[in-house]
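Structure assessment
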Amino acid sequence: MRNETRTLSASSVFRSTWLAVFVVELAVISIINGLTMITFARNRHLRKRTTTYLIINLTIADFLVGTVSGPLYIYHIMTFISGFSWRKFIVVFLKNLFSACSLLNLAMLSLERLHATLFPYRHCLMLDRFYFKAIFCIWFLAVIPASAGAVFFLITPTGNQYLWASLIISVLFTVIVSYVIIALNMKRKVLPYSSGAVSSERKLTVTLLVVIVLSTLALLPKFFYAILEISTSIEDQFIKQLFLFLFYANSFVNPLVYTLRMKEFRKATRVWCGSVNTVSRSQIIEMNM
């Protein structure tokens, strides 16, 4: 009896600890990506480069991961009952949708940078509507794995692991191949722009490479765990929660990289924060008066 009580107590502490960890992580994801969205919205000059549309879309997807997918995951594990129902399907679908969209957006960004490197003249002539179509395709394609994953998760969990492993490996393959070609092309020739444009495009390419590499490092543990779970049927809860924590971590590395690597974004964020502080101080002074 005492052993059972100790086991239940340890299990309760374990779940409470990870619940607190995920709540903090999701709050950080939501706040950082929310501030990034506001920065892009308040500064029109940051949206002049068409690639920014994909960056904004990634930020929105990551924000929804923190505000919708993560909380739904917590709700799901706390109220999970085996069997299929439409309510559980909708919960798991929404939990999967924004994570899948974030993954597909990383692949689209790498392909966009590949096109900019291989066909610079043609890339300069691309209109905004092309990017809007690309964003629509990302969300449309994200619905497919999100729906299939929800069905598999509620009926055959192993199928869900196969699906996510396939999605992650497809994204990683696209990213690796794209940036290998970009690296080889950059060494072989100089882009036919002015030196300033070359520097700007290359800096953006390197910035997005850093974003994608960090996101990839966060995704790999979940991929390996999915493969391990498929091949050995192992279910270590600590490893599972740790790898899921790293998986969600890829949703807040992007704004940090933008702040460190993009001078215009850093300056706009500083100006916006400064204006907010100024307004707050003026309000405090008025209240004191």
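Structure shown above.
Let us look at the structure shown here. As the structure is a prediction and not an experimental result, all values here were calculated from the model.

Regarding a nonpolar patch on the surface
A contiguous nonpolar surface patch, about 420 Å² in accessible area, is contributed by Val206, Leu209, Val210, Val213, Leu214 and Leu217. Looking at the element boundaries, Leu217 is found in helix 7 (residues 195–232). For Leu217, a relative accessible area of 53% gives the class exposed.

With respect to the packing of aromatic side chains
Counted under the stated rule, the structure contains nine aromatic pairs. Relative to Phe93, the ring of Phe89 has its centre 6.3 Å away and its plane inclined at 15 degrees; by these criteria the two rings are stacked. Here Phe93 and Phe89 lie together in helix 3 (residues 86–118), a separation of four residues that amounts to about one turn. For the pair Phe89 and Phe93, a shared accessibility class is recorded, and that class is buried. Here Trp164 and Phe247 contribute two aromatic rings whose centre-to-centre distance is 6.1 Å and whose plane-to-plane angle is 85 degrees, an arrangement assigned as edge-to-face. Taken together, the residues span a long stretch of sequence, with Trp164 in helix 6 (residues 157–188) and Phe247 in helix 8 (residues 237–249) at a distance of 83 residues. Like Trp164, the residue Phe247 is buried in the burial classification.

Considering helix 2 (residues 51–79)
Helix length check: helix 2 (29 residues) gives 41 Å between terminal C-alpha atoms against 42 Å at 1.5 Å per residue, within 8%. The axis of helix 2 is deflected most strongly, by about 45 degrees, at Val65.

What about the environment of Leu209?
Structurally, the position occupied by Leu209 is in helix 7. C-alpha separation for the pair Leu209 and Leu109, spaced 100 residues apart in sequence, amounts to 9.3 Å.

Some points on the packing of helix 2 against helix 8
At their nearest, the axes of helix 2 and helix 8 sit 12 Å apart, and the two run at 165 degrees to each other. Judged on the interaxial angle alone, helix 8 and helix 2 are roughly antiparallel. Seen from above, helix 2 lies across helix 8 with right-handed handedness. On helix 8, the residues that touch Val65, Ser69, Gly70 and Tyr73 of helix 2 are Gln241, Leu244 and Tyr248. In the contact of helix 2 with helix 8, the residues fall into four nonpolar, three polar and no charged.

Rules of the game
- Residues numbered from 1 in each chain as written.
- Predicted model: local features only at pLDDT ≥ 70, side-chain atom pairs only at ≥ 80, totals over all residues.
- Heavy atoms only, no water.
- Patch = residues over 30% accessible without salt bridge, like charges linked within 9 Å, V, L, I, M, F, W, Y side chains within 5 Å.
- Areas by Shrake-Rupley, 256 points an atom, 1.4 Å probe, with all protein chains shown as cover.
- Salt bridge = Lys/Arg side-chain N within 4 Å of Asp/Glu carboxyl O.
- Helix = DSSP H or I, 4+ residues; strand = E, 2+ residues; numbered from the N terminus.
- Buried < 20%, exposed > 50% of the residue type's maximum accessible area, 1.4 Å probe, protein only.
- Phe/Tyr/Trp six-rings, centres within 6.5 Å; stacked < 30°, edge-to-face > 60°.
- Expected span 1.5 Å × (residues − 1).
- Bend = angle between axes of the 7 residues up to and from the residue.
- Axes fitted to C-alpha atoms, helices over the stretch in contact; angles between N-to-C directions.
- Parallel < 35°, antiparallel > 145°, perpendicular 65-115°, else oblique.
- Left-handed = near helix turned anticlockwise from the far one by under 90°.
- Contact = heavy atoms within 4.5 Å.
- Nonpolar A, V, L, I, M, F, W, Y, C, P; charged D, E, K, R; others polar.

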